[in-house]
Structure formats: C-alpha cells, structure tokens
Amino acid sequence: MIRNYDKLIFELSKEGRVGYSLPKKQVEGYCMCCGLPENLKRESKPELPEVTEFDVVRHYTNLSNKNFGVDTGFYPLGSCTMKYNPRINEEIAAHHAFTGLHPETPVEYAQGALEVYYNLAASLSEISGLSAFTLNPYAGAHGELTGLMIMRQYHIQRGDLKRTKVIVPDSAHGTNPASAAVCGLQIVEVKSTAKGTVDVEDLKPLLDDTVAGIMMTNPNTLGIFETEIPEISRLVHECGGLLYYDGANLNAVLGKCRPGDMGFDIMHINLHKTFSTPHGGGGPGDGPVGVREGLEHLLPNPQVKKSDDGKFYIATDEKSSGYVSNFLGNFGVIMRAYTYILTLGRENVKMVGPLAVLNANYVKESLKNEYYLPIEGVCKHEFVFDGLADKSTGVTTLDIAKRLLDYGYHAPTIYFPLLFHQSIMIEPTETESKETLDEFIAVMKKVAKEAIENPDVVKSAPHTTPVRRLDETTAARFPKTTYKQMKG
Amino acid sequence: MKYFPHTPEDIDSMLQVAGLKSMDDLYGEIPSQLLFNREFALPEAMSEAEIRKFIDSLGDKNGKLVCFAGAGVEDHYAPSIINPIISRGEFLTAYTPYQPEISQGTLQYIFEYQSMICELTGMDVTNASMYDGCTATAEAVMMSVAAAKKRNKVLLSATMNPKVKRVVETYAKYNGIEIETVAEKDGVTDIADLEAKLQGDDVAGVVLAQPNFYGIVEDYSGVADVCHAKKALMIMNVNPMSLAVLKTPTEWGADIACGDAQSLGIPMNYGGPYVGYLACTNSLVRKLPGRIVGSTTDVDGKRAFVLTLQAREQHIRREKANSNICSNQSLMALYVTIYMSLMGSKGLKEVNKLSYAGAHYLADQLVATGKCTMAYDKPFLNEFAVKTTVDTKTIQAALLEKGILGGVRISDDTLLLCVTEQRTKAEMDLLVETVKNL
Amino acid sequence: MSKIVEGLYYAESHEYVKVEGEYGYVGITDYAQHELGNVVYVDMPDVDDEVEAGADFGAVESVKAASDLISPVSGTVVEVNDALNDQPELINADPYANWVIKVQLSDASEVQNLMSAEAYKAFLGE
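Residues numbered from 1 in each chain as written. Chains lettered and ligands numbered in written order. Predicted model: local features only at pLDDT ≥ 70, side-chain atom pairs only at ≥ 80, totals over all residues.

Caption draft 1: Just the packing of helix α2 (residues 53-64) of chain A against helix α12 (residues 330-368) of chain B, in detail. Between α2 of chain A and α12 of chain B, whose axes approach to 9 Å, the crossing angle comes to 150 degrees. With respect to α12 of chain B, the axis of α2 of chain A lies roughly antiparallel. The hand of the α2 of chain A/α12 of chain B crossing is right-handed. Contacts between α2 of chain A and α12 of chain B pair E53, V56 and Y60 of chain A from the former with I338, S341 and L342 of chain B from the latter. Per-class residue counts for the contact of α2 of chain A with α12 of chain B are four nonpolar, one polar and one charged. (Axes fitted to C-alpha atoms, helices over the stretch in contact; angles between N-to-C directions. Helix = DSSP H or I, 4+ residues; strand = E, 2+ residues; numbered from the N terminus. Parallel < 35°, antiparallel > 145°, perpendicular 65-115°, else oblique. Left-handed = near helix turned anticlockwise from the far one by under 90°. Contact = placed C-beta atoms within 7 Å. Nonpolar A, V, L, I, M, F, W, Y, C, P; charged D, E, K, R; others polar.)

And the structure:
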C-alpha cells in the first residue's frame, strides 16, 4: 500500500521538467526582461518544484490517501456538523456560466448569478425567521465579526456610544470572545446553571446601559436547548441590547424552530455546516449574516436587490456597517448551498433537525453506561460526555480519541466545551444511518472495555495510522514551517 | 429523500432506545410558541435533472465576456488537473486537521503551500488562513498594531486598490485603529508625504501596494528605512503572480507581505472563493494569525506535519487572541499549491512575459488610435490606466456590444485595463478597433 | 506534590516573587509549570516597561494552552530572562531558578498582600 508515501513535492523536482502548457506569444517586439527596469526585478530566483503534470497528479493523489474525510468514514466531530457533502453541489458550483464571471461584470451580464445570491438569501430568511441576509462574509467567524459590527453600528447610529460590552456564556466557542475583541467590544461572561443553560439570575445584574448585546447559540455547545430564551430576549431588549445568534448549531433546529422567532436580532449561518458545503480541510466556507426587520440597512455593502421589474442589481447603503469582503462572498460556496436547498425542498428541510437530533439521542443513550454523561435529558444535535464512566483507568479523552482513529473513525471534538475536564463532544448529523451509528457505538464500548482491560493499547494509540502520535512540543519550540527551514 | 437514511422502522427503534414515544418528543422541552408550525415558503424538492436544467436557465442569464478587467481579480489559465485533485473526497470533505495522524494529506500540502509562498515573497513564515486579499491586508494592519503595543495608527498609500482599502477601513473602525492616507503623486506613493506622516512617532504600520491600483510597479527603494527609522512596520500588498519577476517584499525590506492569491490560477468565480496570503519575518511569527503547519516527527521517528504555535489562536486565547480567524482556506491553498507546482518559477515567469507583452501591445495600440493617452508614464506589468477622450462609460458600452468586458472604470476619463496570457491578439485588436471607431 | 520554596511570596494566580532589596524576581510556581505541561514559549515584556500588581505582563504557552502572567507586584522591569527565548523548557526544569522578569519594586509593602510558602501550600491543598 502507498500509505508509506513520504515525499514532498520539492523532493520530486528535477531541473528542466515542466508541468504546464501556455498559449503561444501573441505579439512580437515586447520583451519584459529588457522593458522592466533592473531595480524593480527580483534578485533571487524562487525555488519552486520542476515537475511534470503526471508527477503532480500522483503526488497529490498519494497525499490524499493519508487523509480522512466525510467520504472516508464517520466523522462525529461535535460542533462541526460533518454531514454528507453531495456531489451535485460540486457539479453546479463548477458551472462554466458562473465560474468565468469577473466581479466587475455589469449586472445585466450577471443576472443569473445575482438571482442565485438573491434566492439563497431569501431562502435563509425564510428558514431562520429573519428579514434579510448578506452572503458576503466568508466564514462563520467572519460572519460573527460582521454581525457584531452591525450590532455596534446600530448603537453608534443611535448615538449610544457607551454600549461596548457584549455578554457571552461561559460555554461559548472561543471564537465568540475573539470576534468581540476584534470588533472592539469587551467581553463579560455569564455563568451556566448545573443544567448547562444560561443562568438568568446571573445574567440580570450584568444588564445595564453599557451592554451592546449578548451572543448565544441555541441549542448551546452542550447540545442543550436554552428554554428560557424568551425571558432572556425580553431582559436583554429591555436593557437596550441586541441578541446575536451564533448559527454554529443551527442544524439542531433546522425546520423545527427559527432564531427570528426566538427573539434574535442578528445571526450568522455556517453554510459549510448546516447547508452541506464541504469543509475543504478548513475552508473555504461562507458565513451569511441575517438581521431582523429594521436593521436591514446595516448589512455590509455591496447588497443585492431586486427591482420591481424583476431585475437584480447591486446597491450600496451609506448607513451600512461597511465592507467586509472583496465582493459578494464566496460565490462558489453560495452555489453549493443553494443547490442543497433546491435538492431538499420545503418538504425535506423540516426533517434535517429532527433526524439529526434523533441520531444524537440514540448514540447518547446507547453509551451513557460506559461514558460519564454530566447532563441527563434529551439533547439536541450533539452532546458531551465527561470522559469514561470508570475514572480509575487513567485513560484520558485524548487516548480515546486516538484509539478511535485505529478503528477507522474520526475522533469527536475533545476538551471542549471547557466546562468539563474530559469533554468528548459527539455530533452524528442526520445523514448517518442506524447501522453506521450501531458500529460506532460498538467500537466506543470496545474502547471503554480496553481502557479497563488493556489501558496501554489505548494510551499508546493510534497504531495503524499513516503516522503515530507526534512530537508537538519540538514543533512549537523550534518551528520549521517551510521546506527550506526543514532542510536546515 | 436520498440524503436521509432513516426507514420508519429505524426511527421507531431509535426512539425506543432514546426512551421517547414520538419525533415530537425530541423537541418536547421547547416552549410551544417557538415551534415552527407552517410549511416553509420554499420551492418543492427538485431532482438532479431538474436542478441542472434550472441552473442552466440561470446561467443563460449571465453573459459570456472576454475579460480585460483586473483590479485585483485576473483571468488566468486554470490547468485541467487541479479540479479533479481538489475534488477528491479525502481533501474536499475533511475538516481542519485537528487529528494529525489521519490528516497528513492536508497538513503536508499546507506545508508545501507555506514553502512556496515564502519562496515567492522571500518571507520566513506564512499562514494558509486568509479568506481573500482584502481581509489578509486588514489582518496585517491588526498585526502591526499588536506588534507595536502602544501605537494604533496605520498609514495606507492612496495608490492601494480601493476595494482593499474599504475593507481595511471597516475593520479598523471597529477595532479602534486610526487610518490615515499617504498621498499619491503621478500615480505612485508620495514618499515625502509618507515621511511627514511618520514624524509623530505614533505609526504602527505602513501599507503599500505592488503593483499598485493603476498597475504601476512602484520603486520602493529606501522606503523600508524610512518606516523603520520611525519604528513602523512596512507592509506590502503584492500580487503574488508578479513575484516571479518583481523584487520581493523581503528584498524591499518589508516586514509583512499580504495579498490575494487568486492570480495563481484560481477561477474568477464572481468574487470567490479565493485565498489570501499573509507572510512575515520570523520576529513577527507570534503575531501572525491563523493556522500554521510545522514539520516534526512521530513516536517512531517518521517525518510528519502538525498544526503548530496553536497557543496564538482564538480557540485558546479567546478574547486575548489577535484575530478571530478559525478557517484555514485549505482547499484554495491546495489549488494554488498545485498551480505553482505545475508552473514552477519558469512557468510563472512565462505567464508574466506573455501578459506583459500583451498589455504593452494593447497600450501602444490604444494610444495610436488617438482616443487614449497613457495616464502615467511609469513601468507596468500587465495592467495600466489610460486617459480617454471619449467618456469611459461610452467606451465600455461599445465594448460590451462586442462581447468585451472593457476594463474597470476609474473615472469618466480614466480606464484601467488588464491583459493576461489568455488574451489573444484578435481579442486585443477587436478592443482597439472598437475604441478607434467611437 | 509540587515544590514550594520558603521565603518567597506567592499569588493565587500561581506566580511567585523573590524579594532582594529593592528588586523582585517574578516567575511561575512549580505547580503552574506542572499544570501547563511542556512550555514552548514565554511572552515577556521589554525592559523599562511598567508592571502593575494584578495586571498581566506576558504569557506562558504550552502546546495547546496559554496562561497569562499576572504580576504579583508593581514596578519597572529592569531585566528579562533572555535565556527563556531559546530555552523555554528551563521553566519546566526549575521554575524557581528561572524567573521571568526582574522588577524594581515601586511599593515593597505590596508583598504583604501575597501568600507565604505555608499559606500557598494550604491554598494548593496538597
């Protein structure tokens, strides 16, 4: 097997080989080398590989064999919604009538593309219960930042400049406080109750006229629905703040309830989680942001609108929160999510949340004897174990995660949320079958048993992967981040 | 529904294990007024065949134009093998490489990407995390402020692409960074104005563009010294394609290089997805946001790659992180890695030569019509601005009739035109002929 | 059980200060280095920077964690331990020998707000 392939593309290089074919010279008499002043030219030659096209194909195919994707196997990575990424989405996104469009194309020559943007924004409004969406932000964190800019701009335009605090639950993703800080807001943490939901009594004294808003995700990162959201919404609005919905967990309630109906004013959606666009090893994603009625003008520029005669056009609003992207977001990702919604249609969108929640509860109930479940009850799309039920084995969450790799599974999210020491966060998604879940449950039980009977095999896992546990300390102490540095 | 594997029997037995009677019980705790009870106002489900027809019909509403527009997005040739490789499920459907033992594919290509970007820019270290060139530049600006500790003013050259500028200004506004513009003179940065604006000893960073918005290759000799004498970082927004030929940011003495790697073969795609790059000198690595891959070994001594320097990042530092970046724009980084592997430095240089020749031919021909003059008498590569005697709106409208996207309008009498290796002599001659006949 | 040195003053955030005349040597305790694991980087202030009791002046990073350094005392940084730049692991080897910053104390009485070795031991509950 080629799993032992260990070359870098640079190590395949041989002087004189080429992997490209370029058009013939079109005009004579124009020489860059003589035309360009010497002092503007680079002195050193960039050392890029010299390889053939076939070298490149084989190299990257071999590298792909050392990777694990949703296409490879079950990927219960909590909070990441690793659902099936349909291929029709890819085919549509590669449609030649869209991929060749320059952003400066006059709108009359981009009506089809603008219609895709407009229709997806409208579909997201319907699904989330908010008034209008921008698709310009490029990712979830980018959407968060954009949403917080909208929140700040809302207060700035009202002349209410002292509102610079944003409340974030202690169970929140690290991105929430980081986005708030980048947006110039100070973070105030609100505690969780023993049931894992926002402590309303702890929230009340935090609410004053310096609060810009609160960032929440519902269900929260423990997979628990915040049932007191109507009361939280009332309290925050009464104090003059806005409610921000982090759409990271939207899949849990897709088709069942809508952030707009819960009282949220602003939200972002991760198209790469909820709407099945591929994660691509970390990106590109897209992070649309929606707002309730009355805040539409604050959405970032440029904005896509439809005129009375059915034509689409690009508008800018001077009261907007600003510009967050080159143009209209990751259009290729927008094409994929739109295709997914067309494929599901109104009759299937409403089944996404319920089936995802069913899968999560099935796995949770099947494993709660072997793993410690700190919060009982019906969960939503994901849930958190706090390590093994048997605390005497010395086997940690990290060990369990690594042992799962040996059995052909991606690990769950580990050591998050921070509320527990040995968090194992599992999110199966709606596209996994009962049989897949049953096999996973059996393996999880087997690992729990190994932890008792043969802990060393778990602690030294993985054993069968292309590489084994890595020396991350040396990597961080003496970073070598390029081929040149590696060669020394 | 083909994406849902659940049979009615599956649902019944799973509910039973979960101790629930019905699917509604899964949401039993939710206050009833929050439950959504009507049908969604969305179209009915479509089959694949119906979706293809529908998208074809939308595609027909787009025009097919020969592209002479640039301004940060260029119509370069995309080699055929890239899409099949990046579409492999193992790459396409993986998450961020948190489990390095089963993510060596992603980690290694990011390492290769970092190596190649550092070769092009001359910098020591880069991430693979930026969404596009605009946001990469905004992150560079925030980096300079974080590195300076007590300064929060950043200077932007007036010769920067306004699309980049407005994103930087948006980030700066909310982040509390003061932005000031350095004036332009004859199409290039006014160095005297730069020196004057550095006198207050309060500037964290200076952002310059190469080639600049007008396509001009600016001479930044001595500028690094001017910046460093006042303890300001020099940040360069550079088109990476041009770096096969042009002096590198490191050779100019810059501390940070950033920009959009779209020009490295990524389709224009109506604005995205692209990948921004952000590279810096070793001394700034702790301020560099986003994912960085390093080489190491596993317990058996085998070479391997891993996300490193993670303690800088948002999931650990939370509100103390310098950036909220979580993405690494991996798949697009893979795209340009494959592109750079195929092209090599010789191929990239060849692209520049072809584009240079085309752009200079087009410029000469346009001037020969008598309807255009060069806006600036400065060196350029593949993009240039012309002053026109006819209103640029009229010119662009006439070109559209011929199926040509006639550049980017800067004003009523200034047009910015870009030529890549994809433009043929016939296309350029048609453009010139059309302008001539106005 | 972590090592605690007599004669030093300890903060609840697990920094210590060793007072010598008008100067104080500030570092992290053995307990803190143990909790962090392998230290890979120490983010230190510059000489002449002011530090304030209770405010952070840098951070200690391990592979997957970062801990702010909170100064137990106020004053001016007169020296930073440059050896930690190349060998951050010295903190793991002996955190008491490898202090992070040397501070010229602006208010020597501040140490009275800190814990003694005995009190810190009780605080750790070991």
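The rest of the description comes next.
Caption draft 2: Region of the structure containing the interface of chain C and chain A. On the chain A side, the residues contacting the four residues of chain C number four residues. Along the lines of polarity and charge, the residues of the side of chain C that touches chain A split into three nonpolar, one polar and no charged.

Caption draft 3: Molecular detail of the nonpolar core. Counting 338 residues, the largest nonpolar core has Y244 of chain A together with V336 of chain B as the members making the most contacts within it. With 21 residues, α12 of chain B is the single largest residue contributor to this core. Excluding residues that lie within four positions of it along the chain, V336 of chain B makes contacts with Y113, A261, L264, G265, I266 and V275 of chain B. (Core = buried A, V, L, I, M, F, W, Y, C linked by C-beta atoms within 7 Å. Buried ≥ 20, exposed ≤ 12 C-beta atoms within 10 Å, placed from the backbone.)

Caption draft 4: Quick peek at the sheet that holds strand β16 (residues 408-411) of chain B. All names here are of chain B. Reading across the sheet, the four strands line up as β13-β14-β17-β16 and stay open at both edges, with antiparallel pairing between neighbours. Looking at the sheet topology across the chains shown, the edges are occupied by β13 (372-374) and β16. Across the sheet, the mean angle separating the axes of adjacent strands is 35 degrees when strand polarity is ignored. Pairing geometry for β16 and strand β17 (residues 414-418), over three bridges, is antiparallel. (Pairing = 2+ DSSP bridges.)

Caption draft 5: Summary view of the interface of chain B and chain A. Each partner contributes to the interface: chain B provides 167 residues, whereas chain A provides 169 residues. The leading source of residues in the side of chain B that touches chain A is α12 of chain B, at 22 residues. For the side of chain B that touches chain A, the residue count by class is 85 nonpolar, 50 polar and 32 charged.

Caption draft 6: Structural detail: the sheet that holds strand β2 (residues 165-169) of chain A. Residue and element names in this part refer to chain A. Pairing in this open sheet of seven strands is mixed, and the strands run β1-β7-β6-β5-β4-β2-β3 from one edge to the other. In the strand order of this sheet, the two ends are held by β1 (132-134) and β3 (186-190), each with one partner. Neighbour-to-neighbour, the strand axes of this sheet turn through a mean angle of 25 degrees, independent of strand direction. Both β2 and β3 contribute to a ladder of five bridges, which runs parallel. When the bridges of β3 are listed, V168 appears paired with E189. Sitting on the sheet, helix α5 (residues 111-128) is in contact with β1, β6 (266-268) and β7 (289-291), with an inclination near 130 degrees to β1. Across the face of the sheet, helix α6 (residues 140-157) comes into contact with β4 (211-216), β5 (242-246), β6 and β7 while running at roughly 165 degrees to β6.

Caption draft 7: Structural view of the pairing of strand β2 (residues 15-20) of chain C. All names here are of chain C. Looking at chain direction, strand β1 (residues 9-10) and β2 are connected through two bridges and run antiparallel. Within β2, the position partnered with Y10 by the bridge is Y16. Connecting β1 to the next strand, β2, in antiparallel fashion are four residues, including H14 with a positive phi near 70 degrees. As judged from the six bridges shared by β2 and strand β3 (residues 23-28), these two strands associate in the antiparallel manner. The partner of E20 across the bridge, within β3, is Y23. The turn joining β2 and β3, which pair antiparallel and follow one another in sequence, is formed by two residues; a positive phi near 65 degrees is taken by G21.

Caption draft 8: View of the domain arrangement of chain B. All names here are of chain B. When cut into domains, chain B gives domain 1 (66-77 + 344-436) and domain 2 (82-338). Taking only C-alpha atoms into account, the centre of domain 1 sits 28 Å from that of domain 2. Facing 22 residues of domain 1, the contacting portion of domain 2 comprises 20 residues. Those elements giving two or more residues to the side of domain 1 that touches domain 2 turn out to be α12 and β14 (383-388). Of all the elements, α12 adds the most residues to the side of domain 1 that touches domain 2, at five residues. Of the residues that constitute the side of domain 1 that touches domain 2, the class distribution is 13 nonpolar, four polar and five charged. (Domains from an automatic or database assignment.)

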